[in-house]
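Architecture at a glance
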Amino acid sequence: MQLLTPDSSSLATVSPQLAGDWILALRHCCTDAQLAAFLQRAGLHLSEGQLTHRVTLDQIVRLYQIAAVETQDEMTGLWSRPVRPRALQHLLTTVREAGTLPAALNRFSTFWNLLLDDYRIDLTEDSTSTGLQLVPQGGQPVQRFGHMLILKLAHGLLSWLAGYEVPVRAVHFAFERPAFSQDYSVIFPAPVSFKAPCSAIVFETGKLGLPGHRTNAELNEFLARAPRDWIFTGFREHTQSLKVREFLYRSSWENCHLADAAQALSVTPRTLMRRLDAEDTSFQAIKDGLRRDLAIRDLQSGLKSIEEISQDTGFSSAANFHRAFRRWTGAPPSAYRSPGA
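The rules behind each value
- Residues numbered from 1 in each chain as written.
- Predicted model: local features only at pLDDT ≥ 70, side-chain atom pairs only at ≥ 80, totals over all residues.
- Heavy atoms only, no water.
- Helix = DSSP H or I, 4+ residues; strand = E, 2+ residues; numbered from the N terminus.
- Rg over C-alpha atoms; globule rule 2.2 N^0.38 Å.
- Areas by Shrake-Rupley, 256 points an atom, 1.4 Å probe, with all protein chains shown as cover.
- Lys, Arg positive; Asp, Glu negative; His and termini not counted.
- Charge placed at Lys NZ, Arg CZ, Asp CG, Glu CD.
- Salt bridge = Lys/Arg side-chain N within 4 Å of Asp/Glu carboxyl O.
- Pairing = 2+ DSSP bridges.
- Contact = heavy atoms within 4.5 Å.
- Axes fitted to C-alpha atoms, helices over the stretch in contact; angles between N-to-C directions.
- Phe/Tyr/Trp six-rings, centres within 6.5 Å; stacked < 30°, edge-to-face > 60°.
- Buried < 20%, exposed > 50% of the residue type's maximum accessible area, 1.4 Å probe, protein only.
- Core = buried A, V, L, I, M, F, W, Y, C linked by side-chain atoms within 4.5 Å.
- pLDDT = per-residue confidence, 0-100.
- Expected span 1.5 Å × (residues − 1).

Our focus in this paragraph is the overall build of the protein. Of the regular secondary structure elements, the protein holds 14 helices and nine strands. What you see for the protein is a C-alpha radius of gyration of 20 Å, in line with the 20 Å of a compact globule of 341 residues. Judged by the C-alpha coordinates and their principal axes, the protein covers about 60 × 50 × 40 Å. For the protein, the exposed surface amounts to about 15500 Å²; the carbon and sulfur share of it is 51%. Counting 35 positive and 34 negative side-chain charges, the protein places the centres of these two groups 2 Å from one another.

Here you go:
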């Protein structure tokens, strides 16, 4: 599944803490020198062993594509057994032959149960929902990034088969709510809960239509772009925060207020405030998040000066922009300049 028009998800960034879980896994399948080289090639770097900057979609894609090849593990150290090259190709070939989307989920679970030792993936079905859950097969600690990635892969493959981004009813994780829990809103288009008995993704059965026909060329394109087409979400139906962000991205966001967003979403301002509060966010936080990600994009491109970026993101001076950017990211704007920019 490839989004046909750019949207605000293409700008989305995640916290260094979320990506840091992935770095911990990578340390199990490569040397420190190899990891440093992977990160440098992906445009990332560590300070005292930790990522310090927010991570963009492009950087996640580059790091995955580098690490999957260099480590010979397509799940890049996230599971106890390496997932050897071409496994994802065989997975796509397998699910492509399914006659229905629930059948595709069944094929997805069967495939991974042949490869994984530390978890079993069960298909769950009742009168209204269909989903997958990760059932632990031992006492190993939960790898948060691994749970996120495999559930998102299931959603991405289902959406690729359907030809549109399939709605998600809910996502559950079998770990405590992390400090960076807000990052999951740019990954999953659904309510996300924590401390569940097991990690799971749930779909409404009635919204799982028939799969389309996917050619070999489309399969190869999906693999070549992995994980770009499935790691972040572009779907806007389930969460108000994503709807508001997309409205701001496609509007003259500098002059937009809560009332403007409420009118565009056909709700009252009070209702919108209540719904955003239920998602642990606010109109101003969403607006600032978009401004932050726009600024990070322009800083990394090197095509604009700090003064120009300050003006474009609605600040009256570069000094005010510096202060806000530090508050948003914990680092100065200069830290996000690419080398040579």
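Having seen it, we continue.
Moving on, we get to the pattern of salt bridges. Taken as a whole and assessed by the stated rule, the structure comprises 20 salt bridges. When the shortest N-O distance is used, the salt bridge between D280 and R177 registers 3.9 Å. You can see D280 sitting in the loop between α11 (269–278) and α12 (283–301) and its partner R177 sitting in the loop between β7 (170–172) and β8 (192–193), a full 103 residues away along the chain. R214 serves as the salt-bridge partner of E218, at 3.8 Å between the closest nitrogen and oxygen. By sharing partners, the salt bridges in this structure join R297, D298, K304 and D312 into a single network.

Judged by pairing direction, the sheet is mixed, and its five strands sit side by side in the order β5-β6-β9-β7-β8 without closing on themselves. A single partner strand is all that each edge strand has here, and the edge strands are β5 (119–125) and β8. Pairing geometry for strand β6 (residues 129–136) and strand β9 (residues 200–204), over five bridges, is antiparallel. If you follow S129 over to β9, its bridge partner there is E204. Strands β5, β6 and β9 of the sheet are contacted by helix α5 (residues 101–115), whose axis makes an angle of about 165° with β5. Taken strand by strand, helix α6 (residues 144–162) contacts β5, β6, β7 and β9, and its axis lies near 25° from that of β9.

Next up on the list: the packing of aromatic side chains. Tallied over the entire structure, the rule returns 16 aromatic pairs. Ring centres 5.7 Å apart and planes at 65° place the aromatic pair F315 and F321 in the edge-to-face group. There is no split in this pair, since F315 and F321 are both buried. Through pairs of rings, three or more aromatic residues link up here, namely F173, F175, F180, Y184, F188 and F194.

When you line up the elements, H155 lands in helix α6. The class for H155 is buried, based on a relative accessible area of 1%. Discounting chain neighbours no more than four positions away, the residues touching H155 are E165, V166, V168, P189, I201 and F203.

A few words now on the environment of V61. Along the chain, the position of V61 falls in helix α3 (residues 57–70). Relative accessible area serves as the criterion here: at 3%, V61 is assigned to the buried category. For the pair formed by V61 and P227, sequence separation is 166 residues and the distance between their alpha carbons is 5.9 Å. Contact partners of V61, with chain neighbours within four places excluded, come to R225, A226, P227 and R228.

If you look at the biggest cluster of nonpolar residues, it comprises 78 residues, and the most contacted ones within it are F108 and W112. The leading source of residues in this core is α6, at 12 residues. Contact partners of W112, with chain neighbours within four places excluded, come to M75, V83, L88, L91, I121, I150 and L153. Counting residues in each nonpolar core, the second largest holds 16 residues, with A261, V267, L276 and L294 among its members.

Looking now at the environment of C198. Residue position: C198 is located in the loop between β8 and β9. We classify C198 as buried; its relative accessible area is 16%. The spatial distance from the C-alpha of C198 to the C-alpha of E97 is 29 Å, given a sequence separation of 101 residues. Discounting residues that sit within four places of it in the chain, C198 has contacts with Q133, L134, H172 and A174.

Now for the confidence of the model for the protein. Summarising the model, the protein shows a mean pLDDT of 90, and 94% of its residues fall at 70 or more. Confidence over residues 1–5 falls short of pLDDT 50; this stretch has 13 contacts with residues more than four positions distant or in other chains.

Our next topic: helix α14 (residues 318–329). Here α14 is 12 residues long and its end C-alpha atoms lie 16 Å apart, about the 16 Å a rise of 1.5 Å per residue gives. In this structure, the buried side of α14 is in contact with α12 and α13 (306–312).

Residue P227 is bonded to the preceding A226 through a cis peptide linkage, with omega at 0°. Along the chain, the position of P227 falls in the loop between α7 (216–225) and α8 (228–231). One non-glycine residue, T76, lies in positive phi territory at about 45°. Its location among the elements puts T76 in the loop between α3 and α4 (87–96).

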